[in-house]
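Analysis of the macromolecular model
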Amino acid sequence: MRPEALALLAAACWAVSSLFSALPAQRLGAFAFSRWRMLFASLLLWALALMGGGWRSLDASAMGLLALSGLIGIFIGDTALFACMNRLGPRRSGVLFATHALFSAVLAWAFLSEVIWGWALLGSGLLVGGVMMAIVWGKRSDELHGWEQTRGPLAVGVGLGLLAALCQSVATLMLKPLMTTGIDAVAASAVRMSMALAAHAILLALGWQAAKARAPLRLSDAGLIFMSAAVAMALGMTLILEAMRHGQAGLVAVLSSVTPIMILPLLWLVYRRRPAMGAWLGAVVAVVGTALIL
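An account of the accompanying structure is given in this report. (Residues numbered from 1 in each chain as written. Predicted model: local features only at pLDDT ≥ 70, side-chain atom pairs only at ≥ 80, totals over all residues. Heavy atoms only, no water.)

What follows is about the overall build of the chain. Looking only at helices and strands, the chain features twelve helices and zero strands. Reading the chain from its N terminus to its C terminus gives the helix and strand order α-α-α-α-α-α-α-α-α-α-α-α. Seen along its three principal axes, the alpha-carbon backbone of the chain occupies a region of about 55 × 50 × 35 Å. When each of the 294 residues of the chain is scored for burial, the buried share is 52%. Summarising the internal contacts of the chain: among those between residues at least 6 apart in sequence, 91% fall at separations of at least 24. (Helix = DSSP H or I, 4+ residues; strand = E, 2+ residues; numbered from the N terminus. Buried < 20%, exposed > 50% of the residue type's maximum accessible area, 1.4 Å probe, protein only. Contact = heavy atoms within 4.5 Å.)

A few words on unusual backbone geometry. The residue Ser113 is not glycine, and still its phi comes out positive at about 60 degrees. By the element assignment, Ser113 lies in the loop between helix H4 (100-112) and helix H5 (119-136). Given the relative accessible area of 64%, Ser113 is considered exposed.

With that settled, the discussion passes to the packing of helix H1 (residues 3-28) against helix H9 (residues 219-246). Interhelical geometry of H1 versus H9 gives an angle of 155 degrees and a closest axis separation of 8 Å. Regarding the angle of H1 to H9, the classification is roughly antiparallel. Crossing handedness for the pair H1 and H9: left-handed. (Axes fitted to C-alpha atoms, helices over the stretch in contact; angles between N-to-C directions. Parallel < 35°, antiparallel > 145°, perpendicular 65-115°, else oblique. Left-handed = near helix turned anticlockwise from the far one by under 90°.)

Turning our attention to the environment of Thr259. Its location among the elements puts Thr259 in helix H11 (residues 259-271). Given a relative accessible area of 12%, Thr259 falls into the buried group. Separated by 232 residues in sequence, Thr259 and Arg27 place their C-alpha atoms 23 Å apart. Apart from residues no more than four positions distant in its own chain, Thr259 is found in contact with Ala11, Trp14 and Ala15.

A word on the packing of aromatic side chains. In total, this model carries five aromatic pairs according to the counting rule given. Between Trp36 and Phe40 the ring centres are 6.1 Å apart and the planes differ by 35 degrees, which places this aromatic pair in the tilted class. Remark: Phe40 and Trp36 occur in helix H2 (residues 30-52); sequence separation between them is four residues, near one turn of the helix. On the accessibility criterion, Trp36 (30% relative accessible area) is partly exposed. Taking 5.6 Å as the distance between ring centres and 70 degrees as the angle between the ring planes, the aromatic pair formed by Trp268 and Trp280 counts as edge-to-face. Of this pair, Trp268 sits in helix H11 while Trp280 is found in helix H12 (residues 277-293), placing the two residues twelve residues apart along the sequence. Residue Trp268 is classed as partly exposed on the basis of its relative accessible area of 37%. (Phe/Tyr/Trp six-rings, centres within 6.5 Å; stacked < 30°, edge-to-face > 60°.)

None of this, on its own, says anything about what the molecule does.
Set out below in structure tokens:
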């Protein structure tokens, strides 16, 4: 499968997982939610790596880079994203996180000598612009949902969202040279996830107040978190690493940023609320951009 298609599939995984994540993340808190999600994802990934034999592709040099990538992208990045979502809601946190495509394009040019040019450059601009248009103008005039409220200082929420985007870009791009060596994507994801989980466990063991759960884990929470872990982290992140193996890192990052566009029909299906006209316009622009890239 083409790396561009893998990136789009990863974006679809993240869109679906958002339907499972919002409620338990707000109830348990960003740290507790992330910790449980990483635990479920680690168990799934290691089971797949052991059954498929992918663990044999790991060596000492790869483990160190994968561990560092997990700390940056999953431990810091994912936790910052859900902390931002709890403060600003999924719509505005989505705008901020979508900037990871821009960060990735610039970093890929600076450190990997990748250049996006011609139709791909025009398509990338349209895609990122369409995603942000869909989120910024995607609120209906009669939408009074609690997710639209700002909790705490606005600047802190914005900072968390941009930090999550930057961490996502850095953690993914640093693995591009490693993935071309033939390392198994599932095993690589398992190592990244386990290192992030270990860091979370250390924070909890040290008794840091913010790392503690706001509420006890319920069976319904566990089910939603498991689905989120399986779809977003076990499948979505593995697809991105596989796309990085064969594709241009900047374009893979740009294409994987269409998650907010893919969320639109899902929200319409689940909540029976038609998206606003601005969301549709942004979606059309993003689809045109994707077509130009492909």
